[in-house]
Amino acid sequence: MKLSVEKSGVGQALVRIVGNLDMDTVPEARKQLFRLLGARGPSSLEVDFSSIASMDTSAVAMMVELLRILSATGRRLRLTGLRGDQQRLFSLARLNQAFGINHDTRESS
Amino acid sequence: MAADDIIEIRGLTSFYGRRKVLHDIRLGIPRNGVTVIMGRSGCGKTTLLRHLIGLKQTSRGQLFVDGQDFGAFGEDALKRYRRRIGVLFQSGALFNSMTLRENISVPLGVHTKLADETIRIMALIKLHLVGLSGFDNYMPSQLSGGMRKRAGLARALAMDPEILFVDEPSSGLDPITAAGLDRLLVELKETLGMTIIVVTHELESAFLIADQLAVLDEGRVLALGSPDEIRASTDPKVVQFLRREADQEETDHSSYLEGLLRAG
């Protein structure tokens, strides 16, 4: 798993994650993301999922942590580039609305 | 073995003491599908499940997981396999001294380096999945049998298993909760690509969720196929099972009486 941070505007950060985001890699990704959100962190964070090969519910849980931290301080989190299977995982956890993901779980893959 | 079988059972014969309970079982478990093993009580279906999850040693016959001989698994391979599977036992098998959230967190704490907060959220997600939101701080003893069963499923799902084994999912559940559980199993297959092996004698549930059905009778695979193929079976025992017909009276009354009257 590789995580890179780009500034996409004033106070905005774009995080790209490449590889697997699962129980083995989430601890490291979490460490890096929390460091980014620390003092003088961005007011808006976008996480690009398009290069995540596979993910599990630990990735969803980590996104919930990010959402909580950011929204508690009036900042924004946006998840982009989600494939159908990734969207379905959020839907399965009944968290698609919390992240603004519109996906019908009855859709086939 | 079909190319997409995740597990292959080849000639499995099993005993309890000298009593043979499984006879030369041959069965492939397709990846990303729901296989339902059904049959009457005592037909050997739970014993078969115990072999598949490594709780009973295979003395005759072989099991293959991803083409690898399960019997030859060393400690590391077994550990990896256990991490890939989730098991819902009939009883739910929860730790009574722990809350539901703690029960679900145990495997995550043991097998991963996830932060406590990530684990806490994962546990809450799994409880929500099985319809137990808000019960995270309950002890198993504070729940009904059906709720314990659902909590057991949440724990079985803790590690996002690739293969989920479920023993009698509907037992002790009201029809509405049972239907919800069936729907969840199908959703897990479709969403996570899980391979699910269900042992049950609940016909309605079996036909609803199965991609493949295996009917066991007296330790033998009586019929194997899709739900439509099983429905079309003309095997008298399969027909009897599907029609829920009672056995013909076969008791030998004279030996029965003899046994009763024999001096202890």
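All values reported here derive from a predicted model rather than from experimental measurement.

## So, the nonpolar core
And then number 1: One finds A:Leu21, A:Leu45, A:Met63, A:Leu79, A:Phe90, B:Met38 and B:Leu164 to be the most contacted residues of the largest nonpolar core, which totals 84 residues.
And then number 2: Tallying contributions element by element places helix H2 (residues 57-72) of chain A first for this core, with eight residues.
And then number 3: Excluding its chain neighbours within four sequence positions, the residues that come into contact with B:Met38 are B:Lys45, B:Thr200, B:Leu203, B:Ala206, B:Phe207, B:Leu213, B:Ala214, B:Val215, B:Leu216, B:Ile230, B:Phe241 and B:Leu242.
And then number 4: By size, the runner-up hydrophobic cluster in this structure holds 28 residues, among which are B:Ile6, B:Leu48, B:Leu49 and B:Leu216.

## Description of the interface of chain A and chain B
Frequently, the measure chosen for interface size is the accessible area that the parts lose on association.
And then number 1: Listed as interface residues are 21 residues of chain A and, on the opposing side, 23 residues of chain B.
And then number 2: For the pair chain A and chain B, the summed buried area comes to about 1,800 Å², and 65% of that belongs to carbon and sulfur atoms.
And then number 3: Linking chain A with chain B are three salt bridges, by the criterion used here.
And then number 4: A salt bridge links A:Arg94 to B:Glu187, with the nearest nitrogen and oxygen atoms 2.9 Å apart.
And then number 5: On inspection of chain A and its partner chain B, the count reaches seven residue pairs in polar contact (both at pLDDT 80 or more).
And then number 6: Of all the secondary-structure elements, those providing two or more residues to the side of chain A that touches chain B are helix H1 (26-37), H2 and helix H3 (84-92) of chain A.
And then number 7: If one sorts the elements of the side of chain A that touches chain B by residue count, H2(A) sits on top with eight residues.
And then number 8: Across the side of chain A that touches chain B, the residue classes break down as 11 nonpolar, three polar and seven charged.

## Overview of unusual backbone geometry
All names here are of chain B.
And then number 1: Phi is positive for Asn32, close to 60°, though the residue is something other than glycine.
And then number 2: For Asn32, the location among the structural elements is in the loop between strand S2 (19-30) and strand S3 (34-39).
And then number 3: On the basis of relative accessible area, Asn32 is assigned to the partly exposed category, the value being 43%.
And then number 4: With phi around 50°, Asp160 is a residue other than glycine that occupies positive phi space.

## Thoughts on the pattern of salt bridges
All names here are of chain B.
And then number 1: Applying the stated criterion to the full structure yields 20 salt bridges over all chains.
And then number 2: Here Lys45 makes a salt bridge to Glu168, at a shortest N to O gap of 3.9 Å. With Lys45 in helix H1 (residues 45-52) and Glu168 in the loop between strand S7 (163-167) and helix H6 (175-192), this residue pair connects regions lying 123 residues apart in the sequence. As far as the burial class goes, Lys45 and Glu168 line up, both buried.
And then number 3: In the salt-bridge network here, residues are joined through shared partners; they are Arg31, Asp66, Arg84 and Glu162.

What counts, and where the lines are drawn
- Residues numbered from 1 in each chain as written.
- Chains lettered and ligands numbered in written order.
- Predicted model: local features only at pLDDT ≥ 70, side-chain atom pairs only at ≥ 80, totals over all residues.
- Heavy atoms only, no water.
- Core = buried A, V, L, I, M, F, W, Y, C linked by side-chain atoms within 4.5 Å.
- Buried < 20%, exposed > 50% of the residue type's maximum accessible area, 1.4 Å probe, protein only.
- Helix = DSSP H or I, 4+ residues; strand = E, 2+ residues; numbered from the N terminus.
- Contact = heavy atoms within 4.5 Å.
- Buried area = accessible area lost by both parts, 1.4 Å probe.
- Salt bridge = Lys/Arg side-chain N within 4 Å of Asp/Glu carboxyl O.
- Polar contact = N/O pair within 3.5 Å; in protein donor to acceptor, adjacent residues only side chain to side chain.
- Nonpolar A, V, L, I, M, F, W, Y, C, P; charged D, E, K, R; others polar.

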